[in-house]
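Here's the letter readout for the chains.
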Amino acid sequence: MTTINPYSSTYAPGLTAGQTATQRANQATGYGQPRDQSPTINTPAVNVTLSPAAQAALKAQTDSRTIETVVAEARAQIGALLKAAKTSTALKDGNATIDLSGLDRRTLHAVASNKGGQFPMDQQVVAALGLKAQHDAALAGPAAQARLTGDYASLYQAALDQSEAAGPEEKASAAWSQEHEALVEGRKQAIARPGLAPAGIANDSVAAYMTETGSAVAGAKTRDFGKVAGDVRVALDKQYSLAFAPEAAKDGDSGEIDFRRFDDRSLAAIVLNRDEQFSTHEMAQAKAEIRGRDSAAIKASYQSTGDDEGGFGKAMITRYAGMTTEEREAAGWTPAVYDKMVELQASRDKLAQMFNADGSVAGPPSLLDYL
């Protein structure tokens, strides 16, 4: 089955959804070359418009910078952003003070993974948020289309294209390999079962994105919170009217409520119930859904960062920083919890500095200097 990348407005002959973004970029570039190099005939065979994902993949493929150069440029760029924002830290009280999503992907990964040990934790977290923003932007269009048409194959292909745009350092990581393998399996399932969303795949970033963003309420992440609650009320009532399974909720007072189409902020609107639009049953079930999602996300972070010293703590701080104020409140991620996570992460960093790679105590400072 051949699917079309929704990010590309024009394809060169022979381009298929089964090719990686890099292969497509190479092939498209080849079709764009002159067929005749003579002085009198120099007409391209086909005008090709590369999709953003293909352009990113081509840029990554031709990036000849050393990692040392990437790190040096990143430090300079972040320094300029901090100066412009008149701050010395990229993260304050769990909120980003600068936006790094405009940096290229290889640079963001270098910062997020602390290449060369040159970046403090706050910059690593904000860079991780920048990587997520780029990932989410690449999936937004195909995800909306998949929800309308059931074309999950194109959605997973878009995710694969975005994955292929990673730099060499990111592609060498276990996390990239695990996610890429999951996306390949997801696309395989989508082709085999048209119209059905792939399921049961570990490290599936597409499934995680679809759950996080939902589809019941449009623009819930940035929409006025009171209006989000109103939209959720309408969506729930519509869902009740269409429910037919014996155990499914037919009203707000009993039964199992299916929250799969509701994003995290919409769930927060139910739990916080500021305008008293939701029943006690709805609030309890929404809170249980939030706890379930939190548990799954924490477990996934723990498993994926097992080989990264200090990675789990950083992942939890990044998760907090990526939440809206309402999502934090509904999930119980209070400022006190955030402060404790930062404190423990800072202690871990200090403890790491006390020892050499061979396990011996680093010198000459006394151990008391680190406490």
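Residues numbered from 1 in each chain as written. Predicted model: local features only at pLDDT ≥ 70, side-chain atom pairs only at ≥ 80, totals over all residues. Heavy atoms only, no water.

A. Spotlight on the overall build of the protein. Each helix and strand counted, the protein has 15 helices and 2 strands in total. Nonlocal contacts in the protein, meaning residues at least 24 apart in sequence, comprise 62% of its contacts between residues at least 6 apart. Surface summary for the protein: the accessible area is close to 19600 Å², and the carbon and sulfur share equals 55%. (Helix = DSSP H or I, 4+ residues; strand = E, 2+ residues; numbered from the N terminus. Contact = heavy atoms within 4.5 Å. Areas by Shrake-Rupley, 256 points an atom, 1.4 Å probe, with all protein chains shown as cover.)

B. Up close: the pattern of salt bridges. Under the criterion given, the structure shown has 20 salt bridges. We note a salt bridge from Lys-171 to Glu-164, for which the minimum N-O separation is 3.3 Å. Accessibility expressed as a relative area gives 28% for Lys-171, which makes it partly exposed. Here Arg-260 ties to Asp-258 by a salt bridge, and the two come within 2.7 Å at their closest N and O atoms. A residue is classified by how much of its surface remains accessible, and Arg-260, at 66% relative accessible area, is exposed. (Salt bridge = Lys/Arg side-chain N within 4 Å of Asp/Glu carboxyl O. Buried < 20%, exposed > 50% of the residue type's maximum accessible area, 1.4 Å probe, protein only.)

C. Layout of helix α6 (residues 152-164). Taking 1.5 Å of rise per residue, 13 residues should cover 18 Å, and α6 covers 18 Å from first to last C-alpha, within 8% of that figure. The buried count for α6 comes to 13 of 13 residues, which makes it a mostly enclosed element. (Expected span 1.5 Å × (residues − 1).)

D. The arrangement of the side chain of Gln-189 in detail. Counting through the fold element by element, Gln-189 comes out in helix α8 (residues 174-192). Gln-189 gets classed as buried once you look at its relative accessible area, which sits at 17%.

E. Quick look at unusual backbone geometry. Although it is not a glycine, Asp-93 sits at a positive phi angle of roughly 55 degrees. Along the chain, the position of Asp-93 falls in the loop between β1 (91-92) and β2 (95-96). The backbone phi angle of Asn-203 is positive, close to 65 degrees, even though this residue is not glycine. Judged by its relative accessible area of 41%, Asn-203 falls in the partly exposed class.

F. Spatial organisation of the nonpolar core. Residues Ile-78, Leu-91, Ile-98, Leu-100, Ile-317 and Met-341 are the most contacted members of the largest nonpolar core, which totals 28 residues. Secondary-structure elements contributing two or more residues to this core are α3 (67-84), α4 (105-112), α5 (121-149), α13 (311-321) and α15 (335-353). With sequence-adjacent residues up to four places away left out, Met-341 is seen in contact with Met-316, Ile-317, Tyr-320 and Trp-333. (Core = buried A, V, L, I, M, F, W, Y, C linked by side-chain atoms within 4.5 Å.)

G. The packing of aromatic side chains, seen in detail. Evaluation of the coordinates by the stated rule reveals 3 aromatic pairs. A ring pair is formed by Tyr-320 and Trp-333, whose centres lie 6.5 Å apart and whose planes are at 35 degrees; its orientation type is tilted. Taken together, the residues Tyr-320 in helix α13 and Trp-333 in the loop between α14 (325-331) and α15 connect sequence positions 13 residues apart. Neither residue differs from the other here; Tyr-320 and Trp-333 are each classed as buried. Seen in terms of ring centroids, Tyr-320 and Tyr-338 are 4.7 Å apart; in terms of plane orientation they differ by 25 degrees. Their pairing is stacked. Highlighted residues: Tyr-320 in helix α13 and Tyr-338 in helix α15, separated in sequence by 18 residues. Of the residues examined, Tyr-320 reaches a relative accessible area of 3% and is grouped as buried. Judged by its relative accessible area of 7%, Tyr-338 is buried. Members of the aromatic cluster, each reached through a chain of ring pairs, are Tyr-320, Trp-333 and Tyr-338. (Phe/Tyr/Trp six-rings, centres within 6.5 Å; stacked < 30°, edge-to-face > 60°.)

Function cannot be read off these values alone, since they describe shape.
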